[in-house]
Amino acid sequence: MIIQRVVLSSRPGVNGVPVAENFRMEEATLQDKVSEGQVKVRTLYLSVDPYMRCRMNEDSGSDYIQAWKLSEVASGGGIGAVEESKDPSFSVGDFATSFNWPWQTKAIIDGKQLEKINPQLIDGHLSYFLGAAGLTGLTALLGIREKGHVTRGANQTMVVSGAAGACGSSAGQIGFLEGCSRVVGICGSNEKCSILVSEMGFDAAINYKEGDVAQRLRVLCPDGIDVYFDNVGGDISDAVIAQMNPNSHIILCGQISQYNKDVHYPPPLPPAIEEIKKARNITRERFVVLNYMDKYAAGTLQLCQWIKEGKLKVRETVVKGLENIGAAFQSMMRGDNIGKQIVHVSE
Ligand code: NDP
């Protein structure tokens, strides 16, 4: 059977900005035979994520992320429908997800790499399992629970950077749900700021591309900052950390502002900010969602329940067609997405 797939065509290079042309769509032949333990799936949705920038390098720079090989099919989070199964855990018509879904229209995947999903948990919004009810939602929830030290009734102020993206938009809302009394977001456009406040319940939002972040934080966080959900690093994070309270906590989730640069992860703080961190006893522990797989099942149920109850609002930016996945990745990296960036491959 002839299928379409997307391969890494070229690398952006050290310190290079990724472009859609780094990827190429081509036809390939999918074998007809499904062997014992395998499942044939039709791809419905694919996820593009910031960590994929590291996979585009020759060396991903990380111990748990593998670099993509040139001219080989790329992969990431995906969701599909089962068309044929030789794994007793899956039947035709089931929906399944995997963190390692090949970027192709159909695939034969080992059943052990797939997880069955129940669309009823989120009223049929299957793609949510790649975002607010999937790994990015779990990153927000478990990041806050494991590293945030949020205490109900303690009158804590949380700041979230990358606040209008997939992780950030969930993190701010979950900050409230877990007990913070004030949440302020930082993101890259006035439209995003307005959505955070009017739709997602943030108390305030700062457009870092306009004006002075430090000065706005002083006004919007008059009692200082107790919890910082850091998605971006760089100058924005330096401005936040400088206003954090003694014994406060940074959830070191991601550093997207540094991903196109040839720096070690996590990048060190500038000496003056490191000094503030030490003097105020601020924790800055790296959080990696993949280290908490034992908490996924309960976390997913919690996220689905909040979504169904309308307590966790979900935004997606959906691009149609496998041929547009490179453009979707480029667009997400430069900030065109609001909420989770999804690629809709087939109905
Ligand atoms: P997003 O949906 O947040 O998309 C990326 C966003 O980053 C863009 O929309 C853009 O928004 C912002 N951005 C891009 N460049 C810059 C820059 N130079 N400075 C500031 N902001 C920038 O992606 P995700 O929610 O999937 O990921 C967010 C972060 O979480 C990433 O750092 C990612 O690596 C991390 N992550 C970590 C995980 C973990 O286990 N630790 C798991 C999943 C994600 P804007 O308009 O605001 O600039």
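Fair warning: this is a prediction, and the values are worked out from it, not measured in the lab. (Residues numbered from 1 in each chain as written. Predicted model: local features only at pLDDT ≥ 70, side-chain atom pairs only at ≥ 80, totals over all residues. Heavy atoms only, no water.)

A.B. asks: Before we move on, can you summarise the overall build of the chain with the specific residues and values?
C.D. replies: Secondary structure assignment for the chain yields 9 helices and 15 strands. On C-alpha atoms alone, the chain measures out to a radius of gyration of 20 Å, which is about the 20 Å that the 2.2 N^0.38 rule sets for 347 residues. Principal-axis analysis of the C-alpha atoms gives the chain an extent of 65 × 45 × 35 Å. Out of the 347 residues belonging to the chain, those deemed buried represent 55%. Within the chain, counting contacts between residues at least 6 apart in sequence, those at least 24 apart form 68% of the total. Approximately 15200 Å² of the chain is accessible, and the part contributed by carbon and sulfur atoms is 49%. For the chain, the separation between the mean place of its 35 positive charges and that of its 39 negative charges on side chains is 1 Å. (Helix = DSSP H or I, 4+ residues; strand = E, 2+ residues; numbered from the N terminus. Rg over C-alpha atoms; globule rule 2.2 N^0.38 Å. Buried < 20%, exposed > 50% of the residue type's maximum accessible area, 1.4 Å probe, protein only. Contact = heavy atoms within 4.5 Å. Areas by Shrake-Rupley, 256 points an atom, 1.4 Å probe, with all protein chains shown as cover. Lys, Arg positive; Asp, Glu negative; His and termini not counted. Charge placed at Lys NZ, Arg CZ, Asp CG, Glu CD.)

A.B. asks: An account of the UniProt feature "domain: Oxidoreductase N-terminal" (unreviewed entry) in the chain is needed here, citing residue identities and associated values.
C.D. replies: The positions that UniProt labels "domain: Oxidoreductase N-terminal" (unreviewed entry) are, in the present scheme, residues 5-117. The straight-line gap between the two end C-alpha atoms of residues 5-117 is 24 Å; of that span, 4% is helix and 42% is strand. (UniProt positions renumbered as here; feature names shortened; annotations may be inferred.)

A.B. asks: Quick rundown of helix α3 (residues 166-178)? Include the residues and the values.
C.D. replies: The end-to-end C-alpha distance of α3, which contains 13 residues, comes to 18 Å, matching closely the 18 Å that a straight helix rising 1.5 Å per residue would cover. With 11 of its 13 residues buried, α3 lies for the most part within the structure. Of the positions making up α3, those classed as buried are Ala166, Cys167, Gly168, Ser169, Ser170, Ala171, Gly172, Gln173, Ile174, Gly175 and Glu178. In the core, the buried residues of α3 are packed alongside α2 (135-147), β8 (157-161), β9 (182-187), β11 (225-230), α8 (296-309) and β15 (340-344). (Expected span 1.5 Å × (residues − 1).)

A.B. asks: Requested: an account of the site of the ligand, with residues and values cited.
C.D. replies: The immediate surroundings of the ligand are formed by 27 residues, with Lys192, Tyr208, Tyr259, Phe287 and Asn337 found nearest. Taking alanine 166, its main chain carries an N or O atom lying 2.8 Å from an oxygen atom of the ligand. A distance of 2.9 Å is found between a nitrogen atom of the ligand and a backbone nitrogen or oxygen belonging to cysteine 253. Contact with the protein chains removes 88% of the 910 Å² of surface that the ligand exposes when unbound. Of all the elements in the fold, those that place two or more residues in the shell around the ligand are α2, α3 and α9 (325-333). Of the residues in the shell around the ligand, the class split is 15 nonpolar, 11 polar and 1 charged. (Near = heavy atom within 4 Å. Polar contact = N/O pair within 3.5 Å; in protein donor to acceptor, adjacent residues only side chain to side chain. Nonpolar A, V, L, I, M, F, W, Y, C, P; charged D, E, K, R; others polar.)

A.B. asks: Mind laying out the confidence of the model for the chain, listing which residues take part and the relevant values?
C.D. replies: Reading fine detail from the predicted coordinates is not recommended where pLDDT is low. Looking at the chain, pLDDT values average 96 and 100% of them are 70 or higher. In the model output, the complex is listed with pTM 0.97 alongside ipTM 0.99. (pLDDT = per-residue confidence, 0-100.)

A.B. asks: An account of the pattern of salt bridges is needed here, citing residue identities and associated values.
C.D. replies: Within this structure, the stated rule accounts for 15 salt bridges. Aspartate 336 serves as the salt-bridge partner of arginine 334, at 2.7 Å between the closest nitrogen and oxygen. One network of salt bridges, in which partners are shared, links Arg5, Arg24 and Glu26. (Salt bridge = Lys/Arg side-chain N within 4 Å of Asp/Glu carboxyl O.)

A.B. asks: Tell me about the side chain of lysine 192, and name the residues and values.
C.D. replies: Inspection of the secondary structure puts lysine 192 in helix α4 (residues 190-198). Although buried, lysine 192 forms no salt bridge, and the nearest oppositely charged side chain, aspartate 336, lies 6.7 Å from it. Non-local contacts of lysine 192, meaning those with residues more than four positions away in its chain, are made with Ala164, Cys187, Gly335, Asn337 and Ile338.

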